[in-house]
Amino acid sequence: MDFTFTEEQVLIQNMVREFAEKEVKPIAAEIDKTHRFPKETVKKMADLNLFGLGIPEEYGGTGVDTLASCLAYEEMGKVCASHATIISVHSMGTKPIVYFGSEEQKKKYLPDVAKNGIACFALTEPGAGTDAASQSSRGVRQGDKFILNGSKIFITSGSEGRLYCIFVMTQPDKGLKGISCFIVKRDNPGLKIGQLEEKLGICASATAELVLDNLEVSAADMIGAEGDGFRIAMRCLDSGRIGVAALATGIAQAALDAAVAYIKDRKQFGKPLAANQGLQWYVADMAAQIEAARLLTYKAAILNDQPGRHSKETAIAKLVAANTAMDVTRLSIQLHGGIGYTKHHSVERFLRDAKITEIYEGTSEVMKMVISGSVLA
Ligand code: COS
């Protein structure tokens with residue numbers, strides 16, 4: 001097993017690390033506080049081709065592998081989980097087209113979102129969260145068109161998208177085999193942006209409701225065949241969940257780094273906090289958990305580019321990385337003491353941001369369903 005990164009992977013890791021430190025860090029606390037979508041840095045991320053991650057070069061993307069994309073999400077996650085979410089969930093939003101789109105759909109739709117962002121993945125509904133198959137949104141065929149009606153919730157960057165991959169039920173009698181996926185452009189008059197959510201964490205990522213109001217879409221914009229939607233969604237989530245694992249690892253690393261700097265500096269009883277063995281053991285546990293999360297994430301990323309289904313490895317990576325992000329951010333606040341509970345330090349934001357990694361793109365309980373389903377099969 002070779003643990004060396006390629007030149008390209010190192011280049012992307014360094015580029016995002018530098019960008020995040022220079023451009024994102026100075027605004028991270030402000031956008032968290034004001035819940036402001038950071039249009040200025042999103043434009044800069046587009047200039048750096050970060051919306052091209054996960055899209056092949058021939059369609060305007062970077063053509064880099066999943067591991068390189070994960071290094072980017074991890075670096076961004078160290079500084080601002082909202083920014084990391086914006087690029088990683090965008091990448092998942094492009095995946096239905098990248099993995100299942102026709103040549104014509106890829107040529108028509110990918111170059112624009114690779115250059116400018118943002119593609120949205122619209123699956124979740126009020127009644128279809130973990131039970132993603134119980135879609136209430138409907139698509140009814142009318143000649144060479146489908147008319148979509150219904151609503152989607154919790155759509156990452158939902159108010160900021162240029163392109164949406166929307167899942168609806170087109171053959172309700174077929175259950176999960178009756179779900180289909182459509183490409184919808186933002187300027188479609190039937191697509192209405194509903195309420196924006198006020199959230200505990202990732203406050204600068206715009207999480208919106210979408211209303212499908214007699215939305216007309218050409219049958220040519222269906223991805224794959226009618227009824228393929230559930231399988232498409234699950235495959236794309238397998239890829240997206242690795243991005244969440246990567247950014248969760250980044251959050252955890254930042255929380256550990258902050259704690260280490262603090263306990264080396266802070267003196268109580270005449271010595272630095274770091275001189276206490278009880279606290280050293282916390283640091284050891286935090287570092288060990290992060291290393292495990294990182295390696296599982298990199299393994300899942302490498303497998304994602306290989307043939308076959310790797311749902312179990314992806315679910316293990318996301319489960320462990322999300323647990324790690326929660327454990328490490330909690331301990332980081334503990335090591336900071338009172339100051340860690342205030343807005344003077346970023347660690348309270350890290351804890352709030354970490355929480356979503358146990359929920360979005362499949363909860364930790366869903367990860368356990370996927371893992372146990374595979375182990376017990
Ligand atoms: N890749 C490709 N195909 C997949 C797949 C995957 N990862 N997972 C499932 N499928 C296919 C199966 O092969 C099966 O097809 P066949 O009947 O042709 O064999 C079909 O989909 C149904 O699979 P399964 O019975 O395993 O699905 P379940 O209904 O049991 O799935 C869970 C249950 C909970 C795993 C699923 O609904 C899920 O992941 N829910 C969470 C949704 C989610 O993450 N929401 C967040 C939205 S984005 S923020």
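Structure's up top.
Let me sum up the structure you'll find in this document. Quick caveat: nothing in here was measured; it's all calculated off a predicted structure.

1. Digging into the overall build of the chain
Along the chain, the regular secondary structure elements total ten helices and ten strands. For 377 residues, the compact-globule estimate of 2.2 N^0.38 gives 21 Å, and the C-alpha radius of gyration of the chain, at 21 Å, lies within 12% of that figure. Counting only C-alpha atoms, the chain reaches 80 × 45 × 40 Å along its principal axes. A buried classification covers 54% of the 377 residues belonging to the chain.

2. Considerations on the pairing of strand E3 (residues 145-156)
Here strand E2 (residues 138-142) pairs with E3 via five bridges, running antiparallel. Bridge pairing in E3 links valine 140 to isoleucine 147. Connecting E2 to the antiparallel partner E3 that follows it, the hairpin turn spans two residues, and glycine 143 within it adopts a positive phi of roughly 65°. Note: E3 against strand E7 (residues 207-218), nine bridges, orientation antiparallel. Directly across from isoleucine 147, in E7, lies its bridge partner glutamate 216.

3. A word on the packing of aromatic side chains
With the rule as written, the count across this model stands at four aromatic pairs. For the ring pair phenylalanine 5 and tyrosine 298, a centre distance of 5.7 Å and an interplane angle of 70° mean the geometry is edge-to-face. Separated by 293 residues along the polypeptide, phenylalanine 5 in the segment before helix H1 (7-34) and tyrosine 298 in helix H7 (residues 277-304) bring together distant segments of the chain. Here phenylalanine 5 falls in the partly exposed class, since its relative accessible area comes to 26%. Residue classification places tyrosine 298 among the buried positions, given a relative accessible area of 11%.

4. A closer look at the site of the ligand
Around the ligand lies a shell of 20 residues, among which Thr130, Lys177, Asp238, Arg241 and Arg309 are the nearest. A distance of 2.8 Å separates an oxygen atom of the ligand from a polar side-chain atom of lysine 177. A distance of 3.1 Å separates an oxygen atom of the ligand from a polar atom in the backbone of glycine 362. Relative to its unbound accessible area of 1,000 Å², the ligand is 67% covered by the protein chains. Assessed atom by atom at 2 Å from the grid points, the ligand resides in the largest pocket. Among the elements that take part in the shell around the ligand, helix H6 (residues 229-265) stands out by supplying seven residues, more than any other. For the shell around the ligand, the per-class residue count stands at eight nonpolar, five polar and seven charged.

5. Here's the deal with the nonpolar core
Nonpolar side chains in soluble globular proteins tend to end up buried together. In terms of nonpolar packing, the biggest core is built from 82 residues, with Met45 and Met76 touching the most fellow members. When residues of this core are assigned to their parent elements, the largest contribution, 14 residues, is made by H6. Not counting chain neighbours up to four residues away, the residues in contact with methionine 76 comprise Val16, Phe19, Ala20, Val24, Met45, Leu50, Ala81, His83, Ala84 and Ile87. Counting 27 residues, the second-largest nonpolar core is a separate cluster that includes Tyr109, Ala119, Phe121 and Ile179.

6. Examining empty space enclosed by the protein
Across all of its chains, the model carries one cavity of 30 Å³ or more by this definition. Taken as a whole, the largest cavity encloses approximately 30 Å³ of empty space. Along the walls of the largest cavity sit Ala28, Ile31, Asp32, Cys80, Ala81, Ser82, Ile202, Cys203, Ala204, Arg349 and Asp353, which together make up its complete lining. Residue assignment for the lining of the largest cavity shows that the elements contributing at least two residues are H1, helix H4 (81-100) and helix H9 (347-356).

7. Things to note about the layout of surface pockets
Of the voids in this model, the largest pocket is the one considered here, and its volume is about 1,300 Å³. Leu123, Leu237, Arg241, Glu361 and Gly362 are the residues nearest the centre of the largest pocket, which is lined by 49 residues in total. Counting only elements with at least two residues in the lining of the largest pocket, the list comes to H4, E3, H6, helix H8 (311-336), H9 and helix H10 (364-376). Within the lining of the largest pocket, the residues separate by chemical class into 22 nonpolar, twelve polar and 15 charged. Here the second largest pocket defines a volume of roughly 450 Å³. Forming the walls of the second largest pocket are 21 residues, and the residues nearest its centre are Lys25, Val79, Ser346, Arg349 and Phe350. Breaking the lining of the second largest pocket down by element, the ones donating at least two residues are H1, helix H3 (66-79), H6 and H9. Ranked by the residues each element gives to the lining of the second largest pocket, the list is headed by H1, at seven residues. Split by residue class, the lining of the second largest pocket holds six nonpolar, three polar and twelve charged.

8. Here's the deal with unusual backbone geometry
With an omega of -15°, the peptide bond running from glycine 117 to isoleucine 118 counts as cis. Within the secondary structure layout, isoleucine 118 lies in the loop between helix H5 (103-116) and strand E1 (119-122).

9. Overview of H9
Taking burial as the measure, the ten residues of H9 include seven buried ones, the bulk of the element. All buried positions along H9 are accounted for by Val347, Glu348, Arg349, Phe350, Arg352, Asp353 and Ala354. Residues of H9 that are buried make contact with H1, H3, H4, H6 and H8.

10. Brief notes about the side chain of glutamate 125
Mapping glutamate 125 onto the fold places it in the loop between E1 and E2. For glutamate 125, a relative accessible area of 2% puts it in the buried group. Of the polar contacts made by the side chain of glutamate 125, one reaches the side chain of serine 137; its length is 2.7 Å. For glutamate 125, the residues in contact, after removing those within four places along its chain, are Ser134, Gln135, Ser136, Ser137, Ser151, Lys152, Ile153 and Phe167.

11. Describing a nonpolar patch on the surface
A surface patch of nonpolar side chains, about 430 Å² in accessible area, is lined by Met1, Phe3 and Leu295. Locating phenylalanine 3 in the fold gives a position in the segment before H1.

Cut-offs used in this document
- Residues numbered from 1 in each chain as written.
- Predicted model: local features only at pLDDT ≥ 70, side-chain atom pairs only at ≥ 80, totals over all residues.
- Heavy atoms only, no water.
- Helix = DSSP H or I, 4+ residues; strand = E, 2+ residues; numbered from the N terminus.
- Rg over C-alpha atoms; globule rule 2.2 N^0.38 Å.
- Buried < 20%, exposed > 50% of the residue type's maximum accessible area, 1.4 Å probe, protein only.
- Pairing = 2+ DSSP bridges.
- Phe/Tyr/Trp six-rings, centres within 6.5 Å; stacked < 30°, edge-to-face > 60°.
- Near = heavy atom within 4 Å.
- Polar contact = N/O pair within 3.5 Å; in protein donor to acceptor, adjacent residues only side chain to side chain.
- Areas by Shrake-Rupley, 256 points an atom, 1.4 Å probe, with all protein chains shown as cover.
- 1 Å grid on protein atoms, 1.4 Å probe; cavity = no way out; pocket = protein on both sides within 12 Å on 5 of 7 lines; lining within 4 Å.
- Sits in = over half its atoms within 2 Å of the grid points.
- Nonpolar A, V, L, I, M, F, W, Y, C, P; charged D, E, K, R; others polar.
- Core = buried A, V, L, I, M, F, W, Y, C linked by side-chain atoms within 4.5 Å.
- Contact = heavy atoms within 4.5 Å.
- Points joined across faces, edges and corners; volume = space filled by probe spheres on them.
- Patch = residues over 30% accessible without salt bridge, like charges linked within 9 Å, V, L, I, M, F, W, Y side chains within 5 Å.
- Salt bridge = Lys/Arg side-chain N within 4 Å of Asp/Glu carboxyl O.

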